[in-house]
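As a plain string of letters, each chain reads:
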Amino acid sequence: WNAQQKQAEALAAMPTAKTAKVHFGALHHSVRLAGATSSRNYSNIGAPKLVGPEGSRPMVILKMVTSGTFVTKGQVLVEIDGQSLQDHVDDVNATVEQSLGDERKRMAEQALDMEALLQSVRVAKSDLEKMKLDAQARELRTTLDQELLSLSVDESQAKYNQLLKEVDLKKQQQASEMKILTFTTQRHVRHRDRHKVDLSKFIVRAGMNGLAVVQPVFRGGENDTIKVGDNVFPGQTILKVVDPKNMQVEGTMNQASISDFRLGQSASIHLDAFPGLTFQGKIYSIGALAVAGMRQGNFIRTIPVKISIEGFDDRLIPDLSASADVQLRSSDEKVLLVPRAAIVIEGDKRFVYVKKGASFVKTAVEVGDMNEVQ
């Protein structure tokens with residue numbers, strides 16, 4: 001009892017040290033990549049781009065689906081305030097009606113002018129025929145009267161021909177005036193219809209089934225999400241509809257490690273928000289061009305890597321920080337595995353401290369193959 005008591009007291013007085021158990025297993029060579037989750041199949045929902053000259057003005061969101069809601073194809077996702085545009089459409093529509101009224105009024109006026117001109121033509125024709133009848137009895141008149149009758153016939157014929165030409169000119173003039181009025185009406189109609197098309201875009205519907213994810217925005221010195229009442233600009237992405245059953249991890253690797261990676265390599269994926277949740281995946285895309293980071297020098301470049309996630313879980317959503325342990329190579333041979341942190345290097349020798357009772361015994365070991373952690 002005394003011996004056990006002394007050993008217990010010695011263990012209690014001993015500082016706590018982190019220990020690890022040595023075990024047999026296969027040594028896997030893997031590299032950890034950091035990144036974030038995203039969907040491979042998604043649809044961007046943005047503010048509509050207007051075709052009119054007012055297309056650059058901001059728009060106000062009236063209604064918007066809640067982020068994280070499952071939506072179906074055709075469901076209304078965003079409604080934008082279009083009352084001012086509707087008022088403008090009503091004004092332009094009134095202008096169109098006025099222009100159509102101007103066309104009808106001008107047609108009536110032209111009909112009156114044409115009828116007056118035709119009446120003048122008929123009067124001139126009657127005068128010409130009368131002069132010709134009078135000229136038929138010229139033998140009964142004096143030479144002077146005959147000459148006057150001949151001149152009167154020529155004058156009546158010239159007047160009649162002139163009025164006929166005026167009729168043709170009047171028709172061309174009236175046709176030109178009506179064409180101008182028609183062009184004016186068409187311009188107003190196109191103006192109205194263009195705004196009607198813009199107005200129809202203010203109700204945005206989902207193009208696919210999926211999960212609605214509202215996009216972040218920088219507001220007041222901090223990150224936030226787009227909300228009802230915010231101003232958005234044409235083309236700005238408001239939210240995304242993603243397929244949660246077809247997810248991926250978008251990460252980067254150092255360009256110096258490019259030779260270690262191949263398409264189809266398997267990976268074990270972990271989420272920082274859910275430590276106990278693990279997925280299997282495979283590399284399906286490796287970037288062809290290395291890029292420099294914003295806070296790194298040009299001499300440090302990374303290559304984008306995309307890893308598909310196999311499986312589905314309700315907790316797996318976009319924009320979660322994640323890590324992927326890409327398996328480079330492995331062996332099925334069972335070997336004695338020790339954490340690399342437990343190895344003490346002194347010169348060309350390797351040691352571990354083995355716990356025996358209340359103390360640790362320094363023990364020499366021979367180290368074989370190793371990876372980043374074992």
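Above this text is the structure in question.
This section reports on the structure supplied with the text. (Residues numbered from 1 in each chain as written. Predicted model: local features only at pLDDT ≥ 70, side-chain atom pairs only at ≥ 80, totals over all residues. Heavy atoms only, no water.)

1. Regarding the environment of D314
For step 1, the next point in the chain: When you line up the elements, D314 lands in the loop between β17 (301–310) and β18 (321–330).
For step 2, the next point in the chain: In the structure, D314 is positioned 69 residues away from K245 in sequence and 9.3 Å away in space, judged by C-alpha atoms. (Helix = DSSP H or I, 4+ residues; strand = E, 2+ residues; numbered from the N terminus.)

2. So, the pairing of strand β14 (residues 266–271)
For step 1, the next point in the chain: As paired elements, β14 and strand β15 (residues 278–286) share 5 bridges and run antiparallel to each other. In the sheet register, S268 faces β15, and the bridge partner there is Q280.
For step 2, the next point in the chain: The antiparallel hairpin formed by β14 and β15 contains 6 residues in its connecting segment.
For step 3, the next point in the chain: As paired elements, β14 and β18 share 5 bridges and run antiparallel to each other. When the sheet's bridge partners are listed, L271 is paired in β18 with A322. (Pairing = 2+ DSSP bridges.)

3. A few points about the pattern of salt bridges
If the charged atoms of two oppositely charged side chains come close together, the side chains can form a pair.
For step 1, the next point in the chain: Inspection of every chain in the model, using the stated rule, returns 10 salt bridges.
For step 2, the next point in the chain: The residue E115 makes a salt bridge to R122 at a minimum N-O spacing of 3.0 Å.
For step 3, the next point in the chain: A relative accessible area of 39% means that R122 is categorised as partly exposed.
For step 4, the next point in the chain: One salt bridge connects E346 with K362, and the closest N-O pair in it is separated by 2.9 Å. Taken together, the positions of E346 in strand β20 (residues 344–346) and K362 in strand β22 (residues 359–365) put the pair 16 residues apart, joining distant regions of the chain.
For step 5, the next point in the chain: Sharing partners across several salt bridges, the network here consists of R219, D224, K227 and D230. (Salt bridge = Lys/Arg side-chain N within 4 Å of Asp/Glu carboxyl O. Buried < 20%, exposed > 50% of the residue type's maximum accessible area, 1.4 Å probe, protein only.)

4. A few points about the nonpolar core
For step 1, the next point in the chain: Among the nonpolar cores identified, the biggest contains 23 residues, and M64, L77, V78, I238 and L239 are the most heavily contacted of them.
For step 2, the next point in the chain: Sorting the residues of this core by element identifies β4 (59–64), β6 (76–80), β8 (210–214) and β12 (237–242) as the ones contributing at least two each.
For step 3, the next point in the chain: I238 has contacts with I45, G46, A47, I61, M64, V78, V214, Q215, I226 and V232, leaving out every residue within four places of it along the chain.
For step 4, the next point in the chain: V249, V305, L320 and A324 belong to the second-largest nonpolar core, a separate cluster that totals 21 residues. (Core = buried A, V, L, I, M, F, W, Y, C linked by side-chain atoms within 4.5 Å. Contact = heavy atoms within 4.5 Å.)

5. Topic: the pairing of strand β21 (residues 349–356)
For step 1, the next point in the chain: Pairing between β20 and β21: 3 bridges, direction antiparallel. Looking at β21, one finds that V344 is bridged to F351.
For step 2, the next point in the chain: Between the end of β20 and the start of β21, which pair antiparallel, lie 2 residues, with G347 showing a positive phi angle near 70°.
For step 3, the next point in the chain: When β21 meets β22, the two strands line up antiparallel, connected through 7 bridges. The partner of R350 across the bridge, within β22, is V365.

6. Examining the side chain of S268
For step 1, the next point in the chain: Structurally, S268 can be placed in strand β14.
For step 2, the next point in the chain: At 3.4 Å, the side chain of S268 and the side chain of H270 are in polar contact.
For step 3, the next point in the chain: S268 has contacts with T278, F279, Q280, S323, A324 and D325, leaving out every residue within four places of it along the chain. (Polar contact = N/O pair within 3.5 Å; in protein donor to acceptor, adjacent residues only side chain to side chain.)

7. As for the packing of aromatic side chains
For step 1, the next point in the chain: If you walk through the whole model with that rule in mind, you get 0 aromatic pairs.
For step 2, the next point in the chain: The ring of Y284 is capped by R40, whose NZ or CZ atom sits 3.8 Å from the centre of that ring. (Phe/Tyr/Trp six-rings, centres within 6.5 Å; stacked < 30°, edge-to-face > 60°. Lys NZ or Arg CZ within 6 Å of the ring centre and 35° of its normal.)

8. Details of the sheet that holds β12
For step 1, the next point in the chain: Strand order in the open sheet formed by 4 strands is β3-β12-β8-β5, with antiparallel pairing between adjacent strands. Strand pairing shows two members of the sheet lacking a second neighbour, β3 (42–46) and β5 (70–71), which therefore form its edges.
For step 2, the next point in the chain: In this structure, β3 lies alongside β12, joined through 5 bridges in antiparallel fashion. By the bridge assignment for β12, S43 is matched with V241.

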